[in-house]
Amino acid sequence: MVRKRFPDTHCSVARALNDVGDWWSLLVVKEAMLGTRRFVDFQQNLGIARNILCDRLARLLENGVLIKQDVGEHGTRYEYRLTDKGRDLFTVITALRQWSDRWNGESDGPELVDRANGEPVRTVAVQSRDGRALDVRSVVYRDSSDTDSAAG
């Protein structure tokens with residue numbers, strides 16, 4: 001089954017899904033955030049088929065989420081590392097994890113804690129500029145070309 005692509009859409013979510021829009025890609029990114037660098041380690045840690053991993057790594061490289069570095073001293077050996085674009089997915093991965101823990105039961109993985117103080121991280125939340133928590137009922141989508149703003 002060929003996945004539909006949305007290269008020319010005006011939807012930010014659809015464009016993001018072009019870069020990382022399947023579970024294997026997001027799991028590869030999560031593994032990279034945990035420090036996994038080598039192909040064999042991604043394959044072993046995820047239990048992913050070699051051909052699928054090759055495809056996802058190629059797509060993540062092409063979309064600028066990962067870079068591939070030759071780190072071999074005595075021959076060629078590559079490692080995959082997150083780019084700034086890839087590291088920016090940390091909030092997305094964390095939000096998905098927290099959502100799953102809430103709605104699918106407690107996490108069976110390690111707890112995510114602040115390196116500086118060992119405290120658990122706060123639940124990811126959308127906030128107004130002044131820090132108020134927002135939910136889907138407290139926002140509206142406004143066309144970026146709309147000049148009629150809510151300014152008082």
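Calculation rules
- Residues numbered from 1 in each chain as written.
- Predicted model: local features only at pLDDT ≥ 70, side-chain atom pairs only at ≥ 80, totals over all residues.
- Heavy atoms only, no water.
- Helix = DSSP H or I, 4+ residues; strand = E, 2+ residues; numbered from the N terminus.
- Buried < 20%, exposed > 50% of the residue type's maximum accessible area, 1.4 Å probe, protein only.
- Contact = heavy atoms within 4.5 Å.
- Polar contact = N/O pair within 3.5 Å; in protein donor to acceptor, adjacent residues only side chain to side chain.
- Arc of directions from axis to C-beta.
- Phe/Tyr/Trp six-rings, centres within 6.5 Å; stacked < 30°, edge-to-face > 60°.
- Core = buried A, V, L, I, M, F, W, Y, C linked by side-chain atoms within 4.5 Å.
- Axes fitted to C-alpha atoms, helices over the stretch in contact; angles between N-to-C directions.
- Parallel < 35°, antiparallel > 145°, perpendicular 65-115°, else oblique.
- Left-handed = near helix turned anticlockwise from the far one by under 90°.
- Nonpolar A, V, L, I, M, F, W, Y, C, P; charged D, E, K, R; others polar.

*Asks:* What should I look at first to understand the side chain of Ser-25 in this one?
*Replies:* Relative to the assigned elements, Ser-25 resides in helix 2 (residues 23-33). Residue Ser-25 is classed as buried on the basis of its relative accessible area, which comes to 0%. Not counting residues within four places of it along the chain, the set of residues in contact with Ser-25 comprises Val-20, Arg-56, Arg-59 and Leu-60.

*Asks:* Help me understand helix 2 in this model?
*Replies:* Three or four residues apart is the spacing at which side chains of an α-helix point the same way, because the helix has 3.6 residues per turn. Listed in full, the buried residues belonging to helix 2 are Trp-24, Ser-25, Leu-26, Val-28, Val-29, Glu-31 and Ala-32. Where helix 2 starts, the residue carrying a side-chain oxygen 2.9 Å from the main-chain nitrogen of Trp-24 turns out to be Asp-22. Immediately downstream of helix 2, the backbone of Gly-35 shows phi near 110°, a positive value.

*Asks:* Got a minute to help me understand helix 3 (residues 39-46) in this structure?
*Replies:* Listed as buried for helix 3 are Phe-39, Phe-42 and Leu-46. With its buried residues spanning 65° around the axis, helix 3 presents them on a single face. Elements that come into contact with the buried residues of helix 3 comprise helix 2, helix 4 (50-62) and strand 2 (78-82). Following helix 3 by one or two positions, Gly-47 adopts a phi angle in the positive range, close to 65°.

*Asks:* When you look at the packing of aromatic side chains in this model, what are you seeing that I'm missing?
*Replies:* Two aromatic rings are characterised by how far apart their centres lie and by the angle between their planes. Using the criterion set out here, one finds 1 aromatic pair in the structure. An angle of 75° between the planes, with centres 6.3 Å apart, marks the rings of Phe-42 and Tyr-80 as edge-to-face. Linking Phe-42 in helix 3 with Tyr-80 in strand 2, this pair joins segments that are 38 residues apart in sequence. For Phe-42, a relative accessible area of 0% corresponds to the buried category.

*Asks:* Even after reading the chapter, I still don't get the nonpolar core, so can you show me in this structure?
*Replies:* Across soluble globular proteins, nonpolar side chains have a tendency to be buried as a group. Within the largest apolar cluster, 19 residues are counted, with the highest numbers of intra-cluster contacts made by Val-28, Leu-53, Leu-57, Leu-60 and Leu-66. Looking at this core, the element that brings in the most residues is helix 2, giving 5 residues.

*Asks:* Looking at this structure, I do not really get the packing of helix 3 against helix 4. What am I missing?
*Replies:* The geometry of a pair of packed helices is captured by two quantities: the angle between their axes and the separation between those axes. In the contact formed by helix 3 and helix 4, the axes pass within 10 Å of each other and the chain directions differ by 120°. The angle between the axes of helix 3 and helix 4 places the two elements in the oblique class. Classified by chirality, the crossing of helix 4 by helix 3 is right-handed. From helix 3, Phe-39, Phe-42 and Gln-43 reach across to helix 4, where they touch Arg-50, Leu-53, Cys-54 and Leu-57. Here the residues of the contact of helix 3 with helix 4 sort into 5 nonpolar, 1 polar and 1 charged.

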